[in-house]
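# Notes for the structure review
What follows is the residue order along each chain.
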Amino acid sequence: MNIVEFRGIHRSMDRGMEVLHGIDLKVEAGEVVALLGANGAGKTTLLRIAVGLLHPHRGTVRLFGLGYEEGALEIKQRLGYVSESELLLASSTVEGIFEVHRALFPTWDSSLESRLRRRFGLSGGRLRFGTLSKGKKRQVALLCAVAHRPELLILDEPASGLDPAARRELLEVAVEALNEGSTLLFSSHHMQDVERLAARVALIHDGRLLLDRPLDELRESFTLAVLPTESSVTMADLRRVEGCLGARVSNQTLRAVFEGTPQAVQADLAQYSKFDGLICSRPSLEDFFVETVEGQP
Ligand code: ATP
């Protein structure tokens, strides 16, 4: 069953500028999917549409098989969400925030709340949310998003701006708190987090889904080809080769990402032209991401 299903999602922002141009994406029960994309690619907009904070201008979004028109309350009770910005009321006390959440969610797990409060050092609760450090705010937001044991957790760069230890702990807690078979959709700019958590990667570029693959396949099935710029080949030549995902000039080299193993790509390219000084290798996830995104026309 699809836990999240985006179909043909279009969304415009100020002055009619379209930021999502027809996104189709499905997430099945139990999957952990990372949403990647450069700044401004449209990840937050898509996730805000998923959690019902924004409506698509065209297309449909369904969670747990339900649309927001018919099942907004049920969707919200089965969902947990941590946004990149703070949505909780700055003037509320931490205790007040937990009280509201306990009342909102019939499935609230008080023993999980107590456990996480001890782990995060949030036992007092009289402090105002607005006075907390960024790390503490994220811990409160995460606790609110997971203590009702959501079937789907959506995290939009939940750990951005946190130090590495705090970032790791926040994500570990998020994953530990999920019940077996729960689904996680998260956006991140940290490739280590993506590699540690995700089984599938969806890459958004300029409001379009550029790639949607299992992480294993990404690791094994793509090649970074690097050539000196003085070779007779141009960026346009590389982009015309079948299986090229992106190509660009950087640091006096031509760099292109291809689908296929390094050996296969090397052999393929040799058929097209004489590529002097060509080096083909498996890119790291970060190199794959940077070269593919920066290599778009
Ligand atoms: P980042 O990684 O920087 O968080 P993102 O992939 O999450 O980026 P979005 O925040 O979804 O990208 O933004 C997509 C585009 O929509 C950007 O061009 C952004 O400027 C624009 N945008 C987002 N929110 C608004 C808004 N409230 N009003 C106008 N434009 C907006």
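Residues numbered from 1 in each chain as written. Predicted model: local features only at pLDDT ≥ 70, side-chain atom pairs only at ≥ 80, totals over all residues. Heavy atoms only, no water.

## Section: the pairing of strand E3 (residues 32–36)
For E3, the buried fraction is high: four of the five residues fall into the buried class. Alignment of E3 against strand E7 (residues 183–187), held across four bridges, turns out to be parallel. By the bridge assignment, Val 32 is partnered in E7 with Leu 184. One ladder, built from four bridges, connects E3 with strand E8 (residues 200–205); its direction is parallel. For Leu 35, the partnering residue across the bridge sits in E8 and is Ala 202. (Buried < 20%, exposed > 50% of the residue type's maximum accessible area, 1.4 Å probe, protein only. Helix = DSSP H or I, 4+ residues; strand = E, 2+ residues; numbered from the N terminus. Pairing = 2+ DSSP bridges.)

## What about the packing of aromatic side chains?
Enumeration according to the criterion identifies one aromatic pair in this entry. Directly above the ring of Phe 64 sits Arg 78, whose terminal nitrogen or CZ lies 4.3 Å from the centroid. (Phe/Tyr/Trp six-rings, centres within 6.5 Å; stacked < 30°, edge-to-face > 60°. Lys NZ or Arg CZ within 6 Å of the ring centre and 35° of its normal.)

## Notes on the pattern of salt bridges
Close approach of charged atoms allows side chains with opposite charge to pair. Under the counting rule described, the total for this entry stands at 22 salt bridges. Here Arg 200 makes a salt bridge to Glu 31, at a shortest N to O gap of 2.7 Å. With Arg 200 in strand E8 and Glu 31 in the loop between strand E2 (18–28) and E3, this residue pair connects regions lying 169 residues apart in the sequence. Classification of Arg 200 by relative accessible area gives buried; the value is 11%. The exposure class of Glu 31 is partly exposed, given its relative accessible area of 22%. For the salt bridge of Arg 213 with Glu 259, the shortest nitrogen-to-oxygen distance reads 2.8 Å. With a gap of 46 residues between them, Arg 213 in strand E9 (residues 208–214) and Glu 259 in strand E12 (residues 253–259) connect regions that are remote in the sequence. One connected set of salt bridges, linked through shared partners, spans Glu 95, Arg 102, Glu 113 and Arg 117. (Salt bridge = Lys/Arg side-chain N within 4 Å of Asp/Glu carboxyl O.)

## Overview of the domain arrangement of the protein
Taken domain by domain, the protein consists of domain 1 (2–206) and domain 2 (217–294). The distance between the C-alpha centroids of domain 1 and domain 2 comes to 35 Å. The interface is formed by nine residues belonging to domain 1 together with seven residues belonging to domain 2. Summed over both partners, the interface of domain 1 with domain 2 comes to about 760 Å²; 78% of that surface belongs to carbon and sulfur atoms. The largest per-residue losses of area from domain 1 upon contact with domain 2 belong to Met 191, Glu 195 and Leu 203, which jointly make up 61% of the total buried on that side. Linking domain 1 with domain 2 are one salt bridge, by the criterion used here. For Glu 195, the salt bridge is made with Arg 219, and the minimal N-O distance between the two is 3.5 Å. Run the count over domain 1 and domain 2 and you get one residue pair in polar contact (both at pLDDT 80 or more). Breaking the side of domain 1 that touches domain 2 down by element, the ones donating at least two residues are helix H7 (191–197) and E8. Counted by class, the side of domain 1 that touches domain 2 contains six nonpolar, two polar and one charged residues. (Domains from an automatic or database assignment. Contact = heavy atoms within 4.5 Å. Buried area = accessible area lost by both parts, 1.4 Å probe. Polar contact = N/O pair within 3.5 Å; in protein donor to acceptor, adjacent residues only side chain to side chain. Nonpolar A, V, L, I, M, F, W, Y, C, P; charged D, E, K, R; others polar.)

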